[in-house]
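The chain contents come next:
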Amino acid sequence: MSQAMNRRQFLKASALGASAALLAACAAPAAPAAPAAPAAPAAPAAGEAAGAGSLEIFSWWTSGGEVEALNALYEIYKARYPGVEILNAALAGGAGQGGNMKALLETRMIGGQPPDSFQVHLGRELIDSHVIPGRMEPLDWLYEEEGFNDVFPQELIDIASYDGSPWSVPVNIHRSNVMWVRTDKLSVVGAEVPKTWDQFFEVAEELKAAGINALAVAENEPNFSGHVFECILIGTMTPDAYRGLFDGSTPWTDPGVTAALEILNRAYDYANPDYLSTSWGDINDRYVADDGPAMMIMGDWTHGVLMSKQFTNYSWAPAPDTEGIFLVLSDSFGLPKGAPHRENAINFLRICGSREGQDAFNPIKGSIPARTDPDLSVYDEYLLSAMEDFKTNTLLPSIQHGAAAKQSFVLDYAIAINILATTRNVAQAQAALVQAAEDAEFGA
Amino acid sequence: MRNLAHKSVTVQGERGLAASPAVSTTKSRKRPRWLQGDMLIAILVLLPSILAVALFIYTFIGWTFYISTVRWNSQVPDYTFVGLRNWIRLFSDHRFHIDLRNLVYYAVGFMGQCIIFGFILASLLDTKIKGETLFRTIFILPFAVSGIVTGVAWRWLMQPSTGINLIFAQLGFENFQPTWNSHPQYGMWAVTIAAAWQFTGYIMALYLAALRGIPQELKEAAAIDGAGTWATYRYVIIPLLMPVTFTAIVLTGMNSIRVFDILNTMGGSGPAFATDTLAFFMYQSTFGAYRYSLGATISSFMILLSAFLIIPYLRSMRGEVER
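The rules we used
Residues numbered from 1 in each chain as written. Chains lettered and ligands numbered in written order. Predicted model: local features only at pLDDT ≥ 70, side-chain atom pairs only at ≥ 80, totals over all residues. Helix = DSSP H or I, 4+ residues; strand = E, 2+ residues; numbered from the N terminus. Contact = placed C-beta atoms within 7 Å. Buried ≥ 20, exposed ≤ 12 C-beta atoms within 10 Å, placed from the backbone. Axes fitted to C-alpha atoms, helices over the stretch in contact; angles between N-to-C directions. Parallel < 35°, antiparallel > 145°, perpendicular 65-115°, else oblique. Left-handed = near helix turned anticlockwise from the far one by under 90°. Domains from an automatic or database assignment. Nonpolar A, V, L, I, M, F, W, Y, C, P; charged D, E, K, R; others polar. Pairing = 2+ DSSP bridges. Core = buried A, V, L, I, M, F, W, Y, C linked by C-beta atoms within 7 Å. Expected span 1.5 Å × (residues − 1). Arc of directions from axis to C-beta. Bend = angle between axes of the 7 residues up to and from the residue. pLDDT = per-residue confidence, 0-100.

## Thoughts on the overall build of chain B
Point 1. Scanning chain B for helices and strands turns up 15 helices and zero strands.
Point 2. Considering only residue pairs separated by 6 or more positions, chain B has 72% of its internal contacts joining residues 24 or more positions apart.

Written as structure tokens, this is what we have:
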């Protein structure tokens, strides 16, 4: 009997102990997440001397080229601030909507535990995702201190700005509206690189007669065509009308949008016929294959990709009808409110915007610097030509890559263009675009 | 016969576990049941997990339903009550309609393949063939593979220019080159092949265990009554396996509602949302477009859908325990 009592007492005690421990465990994670206002964790950082502690940088740069480029930035940082330990928090998959890195970043930001700085597309992606919710610090003072206002083009600063302040420091520039041309394919029909869509369709018809697909498309899910479409759109609209699409001053019912949709719809007839089965990740291999398509409209990171595949039979030109326009996307780093090591983060932003930093990063990444005063000796032929265009062309923000509009719109936009790719119905696709713009409340 | 079926077959199922609390009810009833020593200890021991489940499951389900009634469709939380507006928006969304169609495609394809092939494999293994352990291991092995890995592998197998289609071409069927999971209309059926490849082994294990539980006398009795193999399966074995089939339907049905990983790696939402699912839609709405309320609405809808499937199942289980 007494033995049984002991057993019971033991069980009771252990049950109580277990429940207490569990409750404590439940309480622990909830506490810092809920009440911690973004400003709170800043307190310990304030007393910390610059050049000590650590620096946590979030990015989606995990593949070859990207990693080395980021490391080049870190090397400069380590040389200047040897006491700081850099935590490279890079997660694969983040460029698209709902990428792993963005999803994790979002939970950290909402939870009031931001990293010290993070990679983000310059423009509306940062502004709508983190600036408007009040999670970022404005950087006017840093731009002034470092003289960024004089070395970044004004149109670029405009893209980075909201409410009169810039919110991140661009580290590189990519061009969206580039057409890559396989010279071996065009020489089969003896054609020149098309400069307009009319010329494109003439060449495409000749290529078709020779059994060659004219355009590479990979639309097994929404996204790739969204990129192609923005490159068409800037050719059918004036720059101001294009900019107006995102502030409500140009309606998406505009005839320029219809014209662009019709061009894309026609271009699908000359695309690789399995374009609905091809993924963006596979398109470069398809493009360089012996029976690959002759032309591809894709951003200028393609240059690095083609070089890495030791493919040489190609040249480049602006996408048809977009001579003189530079459709910009840019990776940038910002300063979250409550960054645990604010001083270290600011020093990192200084390096990101510096001539030394940009000239170390960009030749490896295959992009051009956002600064207009780079050391020209470290860049290759394509990048030099892109830099020249960047200085002289009209700069417009890319839709697909987060510069022009918020992320929810980019998703709806890509879906609308996917409707065109799958149904080939221009009116239906345009209606979806109009609906997307309405949902995004442009200009509201 | 019916009674016997339950006794013999469900023994391996939940019954063994669920039956134990009921045992204490046979003891003396001088004090209220819940105050008896063993019961009190049972309650105390269970309390932590009850609290954890209440907090981390039911509270958050409630929270999700609440979020589905507010206007939080950007990264700035907005708790303005909008009633059913998110629900109306969801129900009128074209993508949602496609997702429902895909759910039917997937559920039918996945359930059908798993149950039919699972049953056939189990029946074959039950014929006391040589090397049964080896085959059993081979069939059930895919279940140990994660959905992500399955998705990646099948993505390449179903790549129109490199995968299975090459075999077709080699065999002389150059004109038979399906686009598999990237078909804008029927892509979902191709996905069910990959999913069923993974899950069939598990259903087979369920059936095999149940088949082993069927008393030999019943089969012998059927044989004496002049039933052939077909008749034995049709009138004895398959009816006896109904509880397992029911379990298999619930398991594959639940899986169909929430499928995400395999799709995400096979090609995402696909062209024209051919392989889009509610779970993928929810993920994109919440973490891609930051439409939290819309995402919560989709989640809530998925919970309701699952409830339709799981509640009858739980009720039938409870019925068996009380019997």
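Alright, that's what it looks like, and here's the rest.
## Some thoughts on unusual backbone geometry
Point 1. Unlike most non-glycine residues, Asp321 of chain A shows phi in positive territory, near 65°.
Point 2. When you line up the elements, Asp321 of chain A lands in the loop between strand 10 (314–318) and strand 11 (325–329).
Point 3. On the neighbour-count criterion, Asp321 of chain A (21 C-beta atoms within 10 Å) is buried.
Point 4. One non-glycine residue, Lys128 of chain B, adopts positive backbone phi at about 55°.
Point 5. Taking the C-beta count within 10 Å as the criterion, Lys128 of chain B has 6 such neighbours and is therefore assigned exposed.

## Points about the packing of helix 5 (residues 94–125) of chain B against helix 9 (residues 187–213) of chain B
Residues and elements named next belong to chain B.
Point 1. Orientation of helix 5 relative to helix 9, taken along the N-to-C sense of each, is 40°, at an axis distance of 6 Å. As judged from the angle between their axes, helix 5 and helix 9 are oblique. Handedness of the helix 5/helix 9 crossing: right-handed.

## What to know about the domain arrangement of chain A
All names here are of chain A.
Point 1. By the assigned domains, chain A splits into domain 1 (48–170 + 331–369) and domain 2 (176–328 + 400–440).
Point 2. A C-alpha centroid distance of 29 Å is found between domain 1 and domain 2.
Point 3. Facing 13 residues of domain 1, the contacting portion of domain 2 comprises 14 residues.
Point 4. Of all the elements, helix 5 (residues 124–131) adds the most residues to the side of domain 1 that touches domain 2, at four residues.
Point 5. Each residue belonging to the side of domain 1 that touches domain 2 can be placed in one class, and the counts come to three nonpolar, seven polar and three charged.

## Brief notes about the sheet that holds strand 6 (residues 168–170) of chain A
Residue and element names in this part refer to chain A.
Point 1. With mixed pairing, the five strands of this open sheet are ordered in space as 2-1-3-12-6. In this open sheet, the two strands that pair with only one neighbour each are strand 2 (85–90) and strand 6. The sheet shows a mean angle of 25° between the axes of neighbouring strands, taken without regard to direction.
Point 2. With three bridges joining them, strand 6 and strand 12 (residues 331–334) adopt antiparallel strand pairing.

## Describing the environment of Ser285 of chain B
Residue and element names in this part refer to chain B.
Point 1. Mapped onto the elements, Ser285 comes out in helix 14 (residues 278–288).
Point 2. Considering only alpha carbons, one finds Ser285 and Ala169, 116 residues apart in sequence, at a separation of 40 Å.
Point 3. Setting aside residues up to four positions removed in sequence, Ser285 forms contacts with Arg291, Leu294, Gly295 and Ile298.

## Side note on the nonpolar core
For soluble globular proteins, nonpolar side chains are generally found buried alongside one another.
Point 1. One finds Leu264 and Val328 of chain A to be the most contacted residues of the largest nonpolar core, which totals 132 residues.
Point 2. At 11 residues, the largest contribution of residues to this core is made by helix 19 (residues 407–423) of chain A.
Point 3. Setting aside chain neighbours within four positions, we find Val328 of chain A in contact with Leu156, Ile159, Ile173, Leu395, Leu396, Pro397, Ser398 and Ala403 of chain A.
Point 4. Tyr106, Ala107, Leu121 and Leu125 of chain B belong to the second-largest nonpolar core, a separate cluster that totals 55 residues.

## Brief notes about the packing of helix 13 (residues 255–268) of chain A against helix 20 (residues 426–440) of chain A
Relative placement of two packed helices is described by the angle separating their axes and the distance separating the axes.
All names here are of chain A.
Point 1. Contact geometry of helix 13 with helix 20 gives a least axis separation of 10 Å together with a crossing angle of 130°. As judged from the angle between their axes, helix 13 and helix 20 are oblique. Helix 20 is crossed by helix 13, and the crossing has right-handed handedness. Note on element contacts: helix 20 touches helix 13 through Val426, Ala429, Gln430 and Leu433, opposite Val257, Thr258, Leu261, Glu262 and Asn265.
Point 2. For the contact of helix 13 with helix 20, a count of residues per class yields five nonpolar, three polar and one charged.

## A few points about the interface of chain B and chain A
Point 1. With 28 residues of chain B at the interface, the matching set in chain A holds 30 residues.
Point 2. Counting residues per element, the side of chain B that touches chain A draws most heavily on helix 3 (residues 37–67) of chain B, which supplies eight residues.
Point 3. Grouping the amino acids of the side of chain B that touches chain A by side-chain chemistry returns 16 nonpolar, 11 polar and one charged.

## Observations regarding the pairing of strand 8 (residues 178–182) of chain A
Point 1. Within strand 8 of chain A, five of the five residues are buried, which leaves the element mostly enclosed by the surrounding structure.
Point 2. The two faces of strand 8 of chain A match: Val178, Trp180 and Arg182 of chain A on one face and Met179 and Val181 of chain A on the other face are all buried.

## Quick notes on the sheet that holds strand 11 of chain A
Residue and element names in this part refer to chain A.
Point 1. Taken together, the three strands give an open sheet; going across it, the order is 7-11-13, and neighbouring strands pair in mixed fashion. Taken across any chain shown, the strands that pair with only one partner, and hence form the sheet edges, are strand 7 (174–175) and strand 13 (394–397).
Point 2. One ladder, built from two bridges, connects strand 7 with strand 11; its direction is antiparallel. Bridging from a neighbouring strand, His174 pairs with Leu329 of strand 11.

## Some thoughts on the environment of Tyr77 of chain A
Point 1. Structurally, Tyr77 of chain A is set in helix 3 (residues 66–80).
Point 2. Residues Tyr77 of chain A and Asn347 of chain A, 270 residues apart in the sequence, show an inter-C-alpha distance of 8.1 Å.

## Some thoughts on helix 20 of chain A
Residues and elements named next belong to chain A.
Point 1. Given a rise of 1.5 Å per residue, 15 residues ought to cover 21 Å, and the 21 Å separating the end C-alpha atoms of helix 20 matches this to within 8%.
Point 2. Residues Ala429, Gln430, Ala432, Leu433, Ala436, Ala437 and Ala440 constitute the buried set of helix 20. Looking straight down helix 20, one finds its buried side chains confined to an arc of 155°; they lie on one side. Residues Ala427 and Glu438 are exposed on helix 20 and point more than 90 degrees away from its buried face.
Point 3. Against the buried residues of helix 20 lie helix 13 and helix 19.
Point 4. Two residues or fewer past helix 20, Glu441 is found with a positive phi of approximately 55°.

## Some details on helix 6 (residues 132–144) of chain B
Quick reminder: α-helices carry 3.6 residues per turn. Residues three or four places apart thus point the same way.
Point 1. An ideal rise of 1.5 Å per residue puts 18 Å on 13 residues; helix 6 of chain B measures up with 19 Å between its terminal C-alpha atoms.
Point 2. Helix geometry: helix 6 of chain B is bent most strongly at Ile138 of chain B, by close to 25°, with proline Pro142 of chain B lying one to four residues after it.

## Let's talk about the confidence of the model for chain A
Low-confidence regions, as indicated by low pLDDT, have predicted coordinates that should not be scrutinised in detail.
Residues and elements named next belong to chain A.
Point 1. Taken residue by residue, chain A gives an average pLDDT of 88. The fraction at 70 or more is 87%.
Point 2. Confidence scores differ between elements of chain A, with helix 2 (residues 42–46) showing the lowest mean pLDDT of 40 and helix 13 the highest of 98.
Point 3. Considering only residues more than four positions removed or in separate chains, one finds that residues 1–5, a stretch of pLDDT under 50, has zero contacts.
Point 4. Low confidence marks residues 15–48, where pLDDT is under 50. Its contacts with residues over four positions away, or in another chain, come to 36 contacts.

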